[in-house]
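Coordinates in review
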Amino acid sequence: MRTLHRFRGARRLVRRRIRDQRGFTLIELLVVIIVLGLLVGLVGPRLFGRVGQSKQAAARAQIELLGAALDQYRLDIGSYPNAGQGLDALQRNPNVNNWNGPYLKKAVPKDPWGNQYKYRCCPGQNGEYDLWSEGADGAPGGEGENSDITSWDSSQK
């Protein structure tokens, strides 16, 4: 009998605790939503501003790697690929002797904005070859994220 009485008492206690539990009020939910909105509004633009900088850094790194592959090509062949052969000569033999490629592990990459890298050679206007990306806008010149990333301008680093 005592165990039955304890069981009923425990059931009452559980029911009372369930009844006493309450969810969040509408005011509490609104305060949390407002605080989250302020955080996103203040921190978000700072984080998204870094995306453009990281794409420019990625383009500089890819240009450096492509430049190293071009130098290896020149060591094997004796000259850089001409403008007609382009950067594809790093991946596929353009019917030249002593080609020991491919000089890239994968296909020639596009720049971080999805455009082809520009290549001018034999000679370039700024060196033995010119290799560049036209930035986010895909047009020559520009400022900020739209500025050109080039193989010949060391001040960009």
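This is a predicted model, so every value here is computed, not measured. Sequence order as written defines residue numbering, which begins from 1 separately in each chain. Local features in this predicted model are restricted to residues of pLDDT 70 or higher, and side-chain atom pairs are both shown and tallied only at a pLDDT of 80 or more, whereas totals for entire chains, interfaces and linings draw on every residue. Only heavy atoms go into the side-chain values, all of them from the structure, while hydrogens and water stay out.

**Structural notes on the packing of aromatic side chains**
The rule is short: rings of Phe, Tyr and Trp, with Trp giving its six-membered ring, pair when the centres are within 6.5 Å, and they are stacked under 30 degrees, edge-to-face over 60, tilted in between. Using the criterion set out here, one finds 5 aromatic pairs in the structure. Look at Trp-99 and Tyr-103: their rings are 5.7 Å apart centre to centre, the planes differ by 90°, and that puts the pair in the edge-to-face class. For Tyr-103, a relative accessible area of 14% corresponds to the buried category. Members of the aromatic cluster, joined through ring pairs, are Tyr-73, Trp-99 and Tyr-103. Only protein chains enter the calculation, and the probe is 1.4 Å; a residue is then buried if its accessible area is under 20% of its type maximum, exposed if over 50%, and partly exposed in between.

**Some words on the sheet that holds strand E1 (residues 118-121)**
Note on pairing: two strands pair once DSSP finds at least 2 bridges between them. Helix and strand definitions here come from DSSP, where helices need a minimum of 4 consecutive H or I residues and strands a minimum of 2 consecutive E residues; each element is numbered from the N-terminal end. Spatial ordering of the open sheet is given by E1-E2-E3, a layout of 3 strands whose pairing is antiparallel. Of all the strands in the sheet, the pair left with one neighbour each is E1 and strand E3 (149-150).

**Examining the pairing of strand E2 (residues 129-133)**
The element E2 is extensively covered by neighbouring structure, given that 5 of its 5 residues are classed as buried. Here E2 shows no split at all, with Tyr-129, Leu-131 and Ser-133 on one side and Asp-130 and Trp-132 on the other all buried. Both E1 and E2 contribute to a ladder of 4 bridges, which runs antiparallel. Bridge pairing in E2 links Lys-118 to Trp-132. As paired strands, E2 and E3 are joined by 2 bridges and run antiparallel to one another. If you follow Ser-133 over to E3, its bridge partner there is Ile-149.

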